[in-house]
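What follows is each chain in one-letter form.
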There are 2 protein chains.
Amino acid sequence: TLAAPAIAQENPKISWRMTSSFPKGLDTIYGGGVDIADRVRAATNGNFDIQVFAAGEIVPGLEAANAAGAGTVEMAHTVLYYYYGKEPTYALGAAIPFGLNARMQNAWYYAGNGGTLMNEFLATENLFGIPAGNTGVQMGGWFRKEINTVEDLKGLKMRIGGLAGVVMQKLGVVPQQLPGGDIYPALEKGTIDAAEWVGPYDDNKLGFNKVAKYYYYPGFWEGGPVVHAVINLNKWNELPKNYQAILNDACAAANSNMLGKYDAKNAIALKELVGGGAVLKPYSQEILNAAYDASLATYAELKKKSPHFAKIYDDQLAFKKDAYLWAQIGEYTFDTFMMIQQRSGKI
Amino acid sequence: TLAAPAIAQENPKISWRMTSSFPKGLDTIYGGGVDIADRVRAATNGNFDIQVFAAGEIVPGLEAANAAGAGTVEMAHTVLYYYYGKEPTYALGAAIPFGLNARMQNAWYYAGNGGTLMNEFLATENLFGIPAGNTGVQMGGWFRKEINTVEDLKGLKMRIGGLAGVVMQKLGVVPQQLPGGDIYPALEKGTIDAAEWVGPYDDNKLGFNKVAKYYYYPGFWEGGPVVHAVINLNKWNELPKNYQAILNDACAAANSNMLGKYDAKNAIALKELVGGGAVLKPYSQEILNAAYDASLATYAELKKKSPHFAKIYDDQLAFKKDAYLWAQIGEYTFDTFMMIQQRSGKI
């Protein structure tokens, strides 16, 4: 009768709380946290039970990782750039302006040094992080008027946060902080001139095309933002090894699943938005070039402020240089040819 | 004492054999099978033990899925287009010429109808399939001479198989079947004029740049080939539900992990190959256009042959049309800008 208790310990009953940074209305990104919990429950016959709480139910959305670090909850589902003000290094795990695209962010994490380096840093914040979702490149926001030059950005009140706000401020934009629900009336009244939210699927639900028809792209500050599961480091270390493996793989599956859902939903929503009057406009090269230079200047400043940022930024930069060398050979020429077929009605 | 046996059943001891389609020398793609087995073992404290066998150890590489369907082994790690001759529908789960790229193939599987439709088909072959790896777009092969026009392809002996071979044959190429180890001497002696293998990392190990310096791209017949775990359907159905969940998530994790590894390794290998004399050349638009038309003609034929193919092809085509609409907005313009920075030395 020694065997039974030993085996019984393999799937002990564990209950955790996951605080999400997202409201339930953002069903795809909030749903990514539910997806993780469902997968973990299925893999443990319900013995490892993670309850998911929407933003505000336990702590505000932008406090999710802090609550996990402090042990208020065992884990959070969040985007690490929300915490760049606490320590800029956080942003490198999610997205920085002109950073990696979704596929490269995964490659850097899984096959480059990204996973190791980010977790070295996150350990100093009492956290362990696992990539657990991605939106793909986001859109560049809704504008009430066309913007063609950097001059057109001067004094523009734009709802935009984080490092993107810092960069846009260097171009003359006046960044505004507003919760999702307040954006529509502010655009309607003209108290703000522009706003960025997520991408076609989430933006369509809020109806921005009715109050600010120019829909710019790309969201150069979010080439492939990673949504993270961040876990209290002590709780992670206490977890049985098989539960660590199960949670890790559940997050990897949720990561691909969220990106797939966004890709499928965004295509359909984009057609609806354009049908509803949205005017798609690419950012001009002048604006992109100026924003790129402003981003490099920002990184130079942050490297001076934080040795963690300096070390991890340089590693990510070297990875990016190689990744964009390789991507432009096969992937880019394949996609370009297919896009020509799409535009000419041959798909 | 009722509880202990019930809990003990949760992680029963199960031993499976996985036959790989790949030799150990293709370490990244063969390693994907080992990655799955390692993850499953870690998630079950070693109780679900999958032993991985290289191509030829149990059955030849191109028989892997058939062996799983027949129950010779419980599962295989393979690429479904190897079996297109048995039933063309197989290829839609992996890659068809001018099909989906890696990210779209995932989106179609996870968030579109791909997973459901492919498993409806695979059930008729006594298999259950889970995406479990991807190489990303492959290269277009090594040529002893430059090819610029469709005329240049006429009579060319090229090592290329599957549906790609069928399409290339329509352009005048004479497809050749050769195992990996026989390609180098055949190119050296001139008994073949060209050969496609995988991409920079795997190609570099075989040294093709020394015997056929023109390295064409993209491999338009493999925009994002999925590597599959295919499981004997009865064995899958007999598996405890928690083991099904564990194996499913392990495959999803291995899927992203393999693509990340290829992305990281290909960039480095590409630089080595170019340093070693490889001359990178894009396929001309004339050749791509002719190959595209030949592919469409091939699909029209296959749709008449197989109702499964007709149904799933049409679903994938509709998904592709939307996916390439969406991809050209944010992703493409972001990547294009970043590639311009890479080329101008600004990354």
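Now for a look at the structure at hand.

1. Description of the overall build of chain A
- Within chain A, the secondary structure is distributed over 15 helices and 11 strands.
- In summary, chain A has a C-alpha radius of gyration of 21 Å against a globular reference of 20 Å for 347 residues, a match within 12%.
- The principal-axis extent of the C-alpha atoms belonging to chain A is close to 75 × 45 × 45 Å.
- Sequence separation of at least 24 residues holds for 78% of the intrachain contacts in chain A that already meet a minimum separation of 6.
- Split by element, the accessible area of chain A, about 12,300 Å² in all, is 54% carbon and sulfur.

2. Some words on the relation of the copies chain A and chain B
- Once chain A is rotated about the relating axis by 180° and shifted along it by 0.0 Å, it coincides with chain B to within an RMSD of 0.0 Å. The transformation relating the two chain copies, once decomposed into turn and shift, fits a two-fold axis.
- Mapped onto chain B, 100% of the interface residues of chain A again fall at the interface, so both copies present the same surface.

3. Some points on the sheet that holds strand 1 (residues 14–20) of chain A
Residues and elements named next belong to chain A.
- Strands sit in the order 2-1-3-10-4 across an open sheet of 5 strands; the sheet is mixed. The open sheet has two edge strands, strand 2 (48–53) and strand 4 (127–134), and neither has a second partner. Averaged over all pairs of adjacent strands, the angle between strand axes in this sheet comes to 25°, irrespective of strand direction.
- The pairing of strand 1 with strand 3 (residues 75–78) spans 3 bridges and is classified as parallel. Paired with Met 18 across the strands is Met 75, a residue of strand 3.
- On top of the sheet, helix 2 (residues 27–43) reaches strand 1, strand 2, strand 3, strand 4 and strand 10 (226–232); it is set at about 165° to strand 2, its chief contact.

4. Concerning the pattern of salt bridges
- Enumeration according to the criterion identifies 36 salt bridges over all chains in this entry.
- Measuring nitrogen to oxygen at the nearest pair gives 2.8 Å for the salt bridge that ties Asp 249 of chain B to Arg 39 of chain A. Within this pair, whereas Asp 249 of chain B is found in helix 12 (residues 241–275), its partner Arg 39 of chain A is found in helix 2, the two belonging to separate chains. By the burial criterion, Asp 249 of chain B is buried, and Arg 39 of chain A matches it.
- Close ionic contact of Glu 301 of chain A with Lys 170 of chain A constitutes a salt bridge, the shortest N to O distance being 3.2 Å. You can see Glu 301 of chain A sitting in helix 13 (residues 285–305) and its partner Lys 170 of chain A sitting in helix 8 (residues 162–170), a full 131 residues away along the chain.
- Judged by its relative accessible area of 41%, Glu 301 of chain A is partly exposed.
- Judged by relative accessible area, Lys 170 of chain A falls into the partly exposed class, the value being 38%.
- Via salt bridges that share partners, Asp 27, Asp 202 and Lys 205 of chain A belong to a single interconnected network.

5. Side note on helix 14 (residues 307–327) of chain B
- The end-to-end C-alpha distance of helix 14 of chain B is 30 Å, a good match for the 30 Å that 21 residues give at a rise of 1.5 Å each.
- Regarding helix 14 of chain B, its N-cap is Ser 306 of chain B, as a side-chain oxygen of that residue lies 3.4 Å from the backbone nitrogen of His 308 of chain B further along.

6. Let's talk about the interface of chain A and chain B
- In this assembly, 81 residues from chain A lie in contact with 81 residues from chain B.
- Per-residue buried area on chain A facing chain B is highest for Trp 326, Phe 334 and Ile 347 of chain A; these three make up 10% of the total on that side.
- Taken together, chain A and chain B are joined by 8 salt bridges.
- When the shortest N-O distance is used, the salt bridge between Asp 322 of chain B and Lys 271 of chain A registers 2.6 Å.
- For the side of chain A that touches chain B, the secondary-structure elements that each account for two or more residues are helix 1 (3–8), helix 2, helix 5 (102–110), helix 12 (241–275), helix 13, helix 14 (307–327) and helix 15 (330–343) of chain A.
- Among the elements that take part in the side of chain A that touches chain B, helix 12 of chain A stands out by supplying 21 residues, more than any other.
- The residue makeup of the side of chain A that touches chain B, split by class, is 43 nonpolar, 22 polar and 16 charged.

7. Quick word on the side chain of Lys 320 of chain B
- Counting through the fold element by element, Lys 320 of chain B comes out in helix 14.
- Summary of buried charges: Lys 320 of chain B has no salt-bridge partner, and the nearest side chain of opposite charge, Asp 314 of chain B, is 10 Å away.
- Excluding its chain neighbours within four sequence positions, the residues that come into contact with Lys 320 of chain B are Met 338 and Ile 347 of chain A together with Phe 98, Gly 99 and Leu 100 of chain B.

8. Considerations on empty space enclosed by the protein
- As enumerated under the stated definition, the model contains 9 cavities of 30 Å³ or more in all.
- Lining the largest cavity are 28 residues, with Asn 101, Arg 103 and Asp 335 of chain A together with Asn 101 and Asp 335 of chain B positioned closest to its centre.
- Where the lining of the largest cavity is concerned, the elements lending two or more residues are helix 5, helix 14 and helix 15 of chain A together with helix 5 (102–110), helix 14 and helix 15 (330–343) of chain B.
- Within the lining of the largest cavity, the residues separate by chemical class into 18 nonpolar, 2 polar and 8 charged.
- The calculated volume of the second largest cavity comes to roughly 220 Å³.
- Contributing to the lining of the second largest cavity are 17 residues, with Asn 106 and Leu 259 of chain A together with Asn 106, Ser 256 and Leu 259 of chain B lying nearest its centre.
- Elements supplying a minimum of two residues to the lining of the second largest cavity: helix 5 and helix 12 of chain A together with helix 5 and helix 12 of chain B.
- In terms of residue count, the dominant contributor to the lining of the second largest cavity is helix 12 of chain A (5 residues).
- Classifying every residue of the lining of the second largest cavity by side-chain character gives 6 nonpolar, 8 polar and 3 charged.

9. What to know about the pairing of strand 2 (residues 48–53) of chain B
All names here are of chain B.
- Of the strand pairs in this sheet, strand 1 (residues 14–20) and strand 2 are connected by 6 bridges, and their pairing is parallel. Residue pairing for strand 2: Arg 17 is matched across the bridge by Gln 51.
- Each parallel crossover has a hand, and the one from strand 1 via helix 2 (residues 27–43) to strand 2 is right-handed.

10. Notes on the sheet that holds strand 9 (residues 214–217) of chain B
All names here are of chain B.
- The mixed open sheet is built from 6 strands, whose spatial order is 7-6-8-5-9-11. Of all the strands in the sheet, the pair left with one neighbour each is strand 7 (174–176) and strand 11 (279–282).
- Sheet topology places strand 6 (residues 157–159) next to strand 8 (residues 194–195); 2 bridges connect them, and they run parallel. Within strand 8, the position partnered with Met 158 by the bridge is Ala 194.

Thresholds applied
- Residues numbered from 1 in each chain as written.
- Chains lettered and ligands numbered in written order.
- Predicted model: local features only at pLDDT ≥ 70, side-chain atom pairs only at ≥ 80, totals over all residues.
- Heavy atoms only, no water.
- Helix = DSSP H or I, 4+ residues; strand = E, 2+ residues; numbered from the N terminus.
- Rg over C-alpha atoms; globule rule 2.2 N^0.38 Å.
- Contact = heavy atoms within 4.5 Å.
- Areas by Shrake-Rupley, 256 points an atom, 1.4 Å probe, with all protein chains shown as cover.
- Least-squares fit on C-alpha atoms with pLDDT ≥ 70 in both.
- Pairing = 2+ DSSP bridges.
- Axes fitted to C-alpha atoms, helices over the stretch in contact; angles between N-to-C directions.
- Salt bridge = Lys/Arg side-chain N within 4 Å of Asp/Glu carboxyl O.
- Buried < 20%, exposed > 50% of the residue type's maximum accessible area, 1.4 Å probe, protein only.
- Expected span 1.5 Å × (residues − 1).
- Polar contact = N/O pair within 3.5 Å; in protein donor to acceptor, adjacent residues only side chain to side chain.
- Buried area = accessible area lost by both parts, 1.4 Å probe.
- Nonpolar A, V, L, I, M, F, W, Y, C, P; charged D, E, K, R; others polar.
- Lys, Arg positive; Asp, Glu negative; His and termini not counted.
- 1 Å grid on protein atoms, 1.4 Å probe; cavity = no way out; pocket = protein on both sides within 12 Å on 5 of 7 lines; lining within 4 Å.
- Points joined across faces, edges and corners; volume = space filled by probe spheres on them.
- Right-handed = clockwise from strand over helix to strand, strands pointing away.

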